[in-house]
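Overview (structure and organization)
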Amino acid sequence: GIELKNLNFDGEIASYLLNPSESKYDMLNLLNQYSGINTSGIDADDKNGIAALYVQKLDDIKRNMLTEINKHGMNELFEKIEMPLIEVLSSMECLGFKVDAQILHDIGFELSEEIDKLTGEIYDIAGSEFNINSPKQLGVILFEKLNLPVIKKTKTGYSTDAEVLEELSDKHEIVDKIINYRQLVKLKSTYTDGLISCIGKDGRIHSSFNQTVTATGRISSTEPNLQNIPIKMEQGRRIRKAFVPENDEYVIISGDYSQIELRVLAHISQDKSLINSFVNNEDIHRRTASEVFGIPMDEVTPLQRSRAKAVNFGIIYGQSDYGLSKELKISRKEAKSYIDNYFKRYSGVKDYLDSAILDAKDKGYVTTLMNRIRYIPEINSTNKNVKKFGERLAMNTPIQGSAADIIKIAMVKVYSRIKKEKLKSRLILQVHDELIVEAYKNEIDYMKQLIKSEMENAVKLSVPLVVDINVGNNWYEAK
DNA sequence: CAGATCACGCACG
DNA sequence: AACGTACGTGATCGAA
């Protein structure tokens, strides 16, 4: 029942665009940075006084911010994307996502039984009771009582993370049970119990979508986070069966971008081979394997394809040979040869990544497709690790940020068409490369087309954008 | 011995 | 040592 009107300037968002790495965009900060007045004498606790001064200086603040936004070519990003997105996110928050509490209770009950059983077995094997949830106590059991080899340490003691446990799994029968226990407890505490406690009186979960949190331009979701609901493992994926439409007049439609970050990389790097791959609609990881391993496409083995997939992901993150070797459990030398071969075959990508680092050094920041900026002060650090980190940020941010620009454009377009055409379907969630619509059954075919076309045509790149559409009676089925 | 904060571990793209 | 997030639990510090 709330309508947002006359949204044309938001100081928090303008300030976020001018520096997305700030942690706060409160009125005192904005006064300090953009009003031109000296704020050193202002009492930070005097909220009323600050608000009054902010309103008084709003014209100056607004003018100064818009001048800066203009200088960076972010007018369109601000006016046509971020400002209109406020209403879209607000609508998504108000609508929420209907959740079947019974399903979550059932899964939770099942998890409890398995957790209890595992707890007993772990105590038996360990020969004593301890808090399995405490990495400190677990470390004592594994590395002092059972004398398992220490794989790595944290700054406070033994590391017991999944990677360590996996390495220890054939050394002692307790380890697989710990791994399993961890997974089940995560599902129970965060997803069954956690989500149940968030269900509103209307039977729906109303997450908050924050527009000024991430340094890259993505949105984030809190209380609860609906952008990290399990999907990778079947056991967790079942949580998605609890995310349902309002009633049997609706279904869930999901539209997800296929390989959006690699497509963005192809576009901004203008690498001939990568563009060609996407234009010809090739299996991108198979093509990469073929190039990196120097073999025909049809001779690529599943192992080679999976390694090439890791190379493709690694490229986007600025991964080192060491990182890739660890990821693939291969020698550093072999990992280096993969990366070297990749850059020989995709030299446009290499040139682009180098130029991103130079940009960050020259200008102090990097930019996305829509001219979104992110300052990279780390790149000038005298600390080698910090500097390397800055270089990875410089390589990754334009890719991740441009993908964020694109899906935001799609969201504004999908939302405004639904509104203009008075459709009963509604946009309820975004998960970085995916939009989720609660669609009215009579509108299913129309909405599938609408979502696909608005997402695929959000921007025009040198490669096609491809969106996969799925429909189901819950989020699990819409895959 | 309250409640905030850190440390760890791990869910997603 | 591979980018971006959120959050639950235990441990720790040290309020009133």
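Relevant structure appears above.
This section reports on the structure supplied with the text. Here the structure is a predicted model, which means the values were calculated and not measured.

1. Notes on the overall build of chain A
- When helices and strands are tallied, chain A shows 19 helices and 12 strands.
- Evaluated residue by residue, chain A yields a buried proportion of 48% over its 479 residues.
- Relative to all contacts within chain A whose residues are 6 or more apart in sequence, the contacts with residues 24 or more apart total 64%.
- Entry remark: accessible area of chain A is about 23700 Å², with carbon and sulfur atoms responsible for 48%.

2. Considerations on the pattern of salt bridges
- For the structure on display, the rule yields 31 salt bridges.
- For Arg417, the salt bridge identified is with Glu454, shortest N-O distance 2.9 Å. Here Arg417 is found in helix α18 (residues 384-420), whereas its partner Glu454 is found in helix α19 (residues 444-456), with 37 residues between them in sequence.
- Arg417 sits in the partly exposed class, given a relative accessible area of 23%.
- A single salt-bridge network, built from bridges that share partners, covers Glu82, Arg372, Asp405 and Lys408.

3. Focus: unusual backbone geometry
- The omega angle of the peptide bond from Glu223 to Pro224 is 0°, so this bond is cis rather than trans.
- Along the chain, the position of Pro224 falls in the loop between β6 (220-222) and α10 (234-237).
- Positive phi, close to 45°, is recorded for Glu223, a residue that is not glycine.
- Within the secondary structure, Glu223 is located in the loop between β6 and α10.
- Even without being a glycine, Lys329 presents a positive backbone phi close to 55°.
- With respect to the element layout, Lys329 can be found in the loop between α15 (321-328) and α16 (332-345).

4. Remarks on the protein's contact with DNA strand B
- Around DNA strand B sit 21 residues, and of these Thr154, Thr156, Thr160, Ile231 and Lys232 come closest.
- Counted by atom, the contact set of DNA strand B within 4 Å of the protein is 85% sugar and phosphate.
- Residue Lys232 places a main-chain N or O atom 2.7 Å away from a phosphate oxygen belonging to DNA strand B.
- Between DNA strand B and Asp433 there is a distance of 2.8 Å, counted from a sugar or linking oxygen to a side-chain nitrogen or oxygen.
- Among the residues forming the surface near DNA strand B, the class breakdown is 6 nonpolar, 8 polar and 7 charged.

5. With respect to the protein's contact with DNA strand C
- Of all residues adjacent to DNA strand C, which total 32 residues, the nearest are Glu223, Ser320, Glu327, Arg392 and Leu393.
- Restricting attention to atoms of DNA strand C within 4 Å of the protein, one finds that 69% of them are sugar or phosphate atoms.
- Residue Ser220 places a side-chain N or O atom 3.0 Å away from a phosphate oxygen belonging to DNA strand C.
- In this structure, a phosphate oxygen belonging to DNA strand C sits 2.6 Å away from a side-chain N or O atom of Ser320.
- Secondary structure elements with two or more residues in the surface near DNA strand C: α7 (135-145), α9 (173-196), β6, α14 (302-317), α15 and α18.
- The biggest single contributor to the surface near DNA strand C is α18, with 5 residues.
- Of the residues in the surface near DNA strand C, the class split is 7 nonpolar, 19 polar and 6 charged.

6. A word on the packing of aromatic side chains
- Inspection of the entire model under this criterion finds 12 aromatic pairs.
- Grouping aromatic residues by their ring pairs yields a cluster made of Phe97, Phe243 and Trp475.
- Just above the ring of Tyr476 sits the side chain of Lys241; from NZ or CZ to the centre is 4.5 Å.
- The residue whose ring lies beneath Arg426 is Tyr250, and the NZ or CZ to ring-centre distance is 4.6 Å.

7. Looking at the layout of surface pockets
- A volume near 1800 Å³ is recorded for the largest pocket.
- Lining the largest pocket are 50 residues, and of these Ile229, Ile231, Lys232, Arg240 and Asp433 lie nearest its centre.
- Listing elements by their share of the lining of the largest pocket, those giving two or more residues are α8 (162-168), α9, α10, β7 (250-257), α11 (260-269), α14, α18 and β12 (467-472).
- With 8 residues, α9 is the largest single contributor of residues to the lining of the largest pocket.
- Classifying every residue of the lining of the largest pocket gives 22 nonpolar, 13 polar and 15 charged.
- The space that makes up the second largest pocket amounts to roughly 560 Å³.

Reading the values: the criteria
Residues numbered from 1 in each chain as written. Chains lettered and ligands numbered in written order. Predicted model: local features only at pLDDT ≥ 70, side-chain atom pairs only at ≥ 80, totals over all residues. Heavy atoms only, no water. Helix = DSSP H or I, 4+ residues; strand = E, 2+ residues; numbered from the N terminus. Buried < 20%, exposed > 50% of the residue type's maximum accessible area, 1.4 Å probe, protein only. Contact = heavy atoms within 4.5 Å. Areas by Shrake-Rupley, 256 points an atom, 1.4 Å probe, with all protein chains shown as cover. Salt bridge = Lys/Arg side-chain N within 4 Å of Asp/Glu carboxyl O. Near = heavy atom within 4 Å. Polar contact = N/O pair within 3.5 Å; in protein donor to acceptor, adjacent residues only side chain to side chain. Nonpolar A, V, L, I, M, F, W, Y, C, P; charged D, E, K, R; others polar. Phe/Tyr/Trp six-rings, centres within 6.5 Å; stacked < 30°, edge-to-face > 60°. Lys NZ or Arg CZ within 6 Å of the ring centre and 35° of its normal. 1 Å grid on protein atoms, 1.4 Å probe; cavity = no way out; pocket = protein on both sides within 12 Å on 5 of 7 lines; lining within 4 Å. Points joined across faces, edges and corners; volume = space filled by probe spheres on them.

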